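These are the residues of each chain, in order.
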Amino acid sequence: MKVLKIIKSTFVPINIENIDTDQIIPARFLKATTKEGFGKNLFRDWRYENDDATKPKPGFPLNQSQYSGEILVGGKNFGCGSSREHAAWSILDYGFRAVVSSFFADIFKNNALNNGVLPVTVSEDFLHKIFQASEKDPSTQLKIDLEKQTIELLESPEASSEGGGLVEAFDINDYKKTCLLNGYNDIDYLLSIKQDIEAFEKAGN
């Protein structure tokens, strides 16, 4: 996985609650055996008319040129529904490194962390302010600092360069934080502490 420490980026706002995994990546696209290529079908049924990839729906944020970046912002209860890991694959393959919401389904949250996508849980008030800021100015940025476990809403050019935006802390499992900061999957992490494991075994514990 890629190392993830700080993300400072514009974002794509999808102000819809209860976005389930079947909308993130419809079941008919789950036949592939590798993680690549899922991004083109991210939110397929919301992005295109009658499943025709040549007819994008102009009202959907992923089809609007003013919205872009490495951060996806969704409404409350993001990733509910079935437990398909492909939902995280499609988000990552599209180019997002983080998803922000006021609540994540547990299985989606774990799948995201296991695949290098950072789920950032914020308060409903903070989420509301993010959506308000994007409506006012689509070039608004978010800064996510994984080491400090903070997310900052940068609403002006001055804040974007100097800090001083609205900040909120978020929680993350310590082990998953270590993995993301170092670009480790579970096997990489075990290899990184191989010497400690061998020393423990030699000590007869």
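Before reading further, recall that the structure is shown in the block above.
Read on for a plain summary of the structure. What you are looking at is a predicted structure, and each value in this text was computed from that prediction instead of being measured.

### As for the packing of aromatic side chains
The description of an aromatic ring pair rests on the distance of the ring centres and on the angle between the ring planes. Counted under the stated rule, the structure contains 8 aromatic pairs. Here the aromatic rings of phenylalanine 38 and tryptophan 89 are separated by 5.6 Å at their centres, their planes lie at 65°, and the arrangement is edge-to-face. On the criterion of sequence distance, the pair formed by phenylalanine 38 in the loop between α1 (21-24) and α2 (44-47) and tryptophan 89 in helix α3 (residues 86-94) is long-range, its members being 51 residues apart. Like tryptophan 89, phenylalanine 38 is buried. A centroid spacing of 6.1 Å and a plane angle of 70° characterise the contact between phenylalanine 78 and phenylalanine 104, whose relative ring orientation is edge-to-face. Of the two residues, phenylalanine 78 sits in the loop between β4 (71-74) and α3 while phenylalanine 104 sits in the loop between β5 (98-101) and α4 (106-114), which places them 26 residues apart along the sequence. Of the two residues examined, phenylalanine 78 and phenylalanine 104, each falls in the buried class.

### A closer look at the pairing of strand β8 (residues 150-154)
Judged by how many residues are buried, β8 sits mostly within the fold: 4 of 5 residues are covered. In this sheet, β8 lies alongside strand β7 (residues 141-145) in antiparallel orientation, the contact comprising 5 bridges. When the bridges of β8 are listed, lysine 143 appears paired with glutamate 152. Where β8 meets strand β9 (residues 166-169), 4 bridges bridge the pair, whose relative direction is antiparallel. Counterpart to glutamate 152 in the pairing with β9 is valine 167.

Quick notes on the rules
Residues numbered from 1 in each chain as written. Predicted model: local features only at pLDDT ≥ 70, side-chain atom pairs only at ≥ 80, totals over all residues. Heavy atoms only, no water. Phe/Tyr/Trp six-rings, centres within 6.5 Å; stacked < 30°, edge-to-face > 60°. Helix = DSSP H or I, 4+ residues; strand = E, 2+ residues; numbered from the N terminus. Buried < 20%, exposed > 50% of the residue type's maximum accessible area, 1.4 Å probe, protein only. Pairing = 2+ DSSP bridges.

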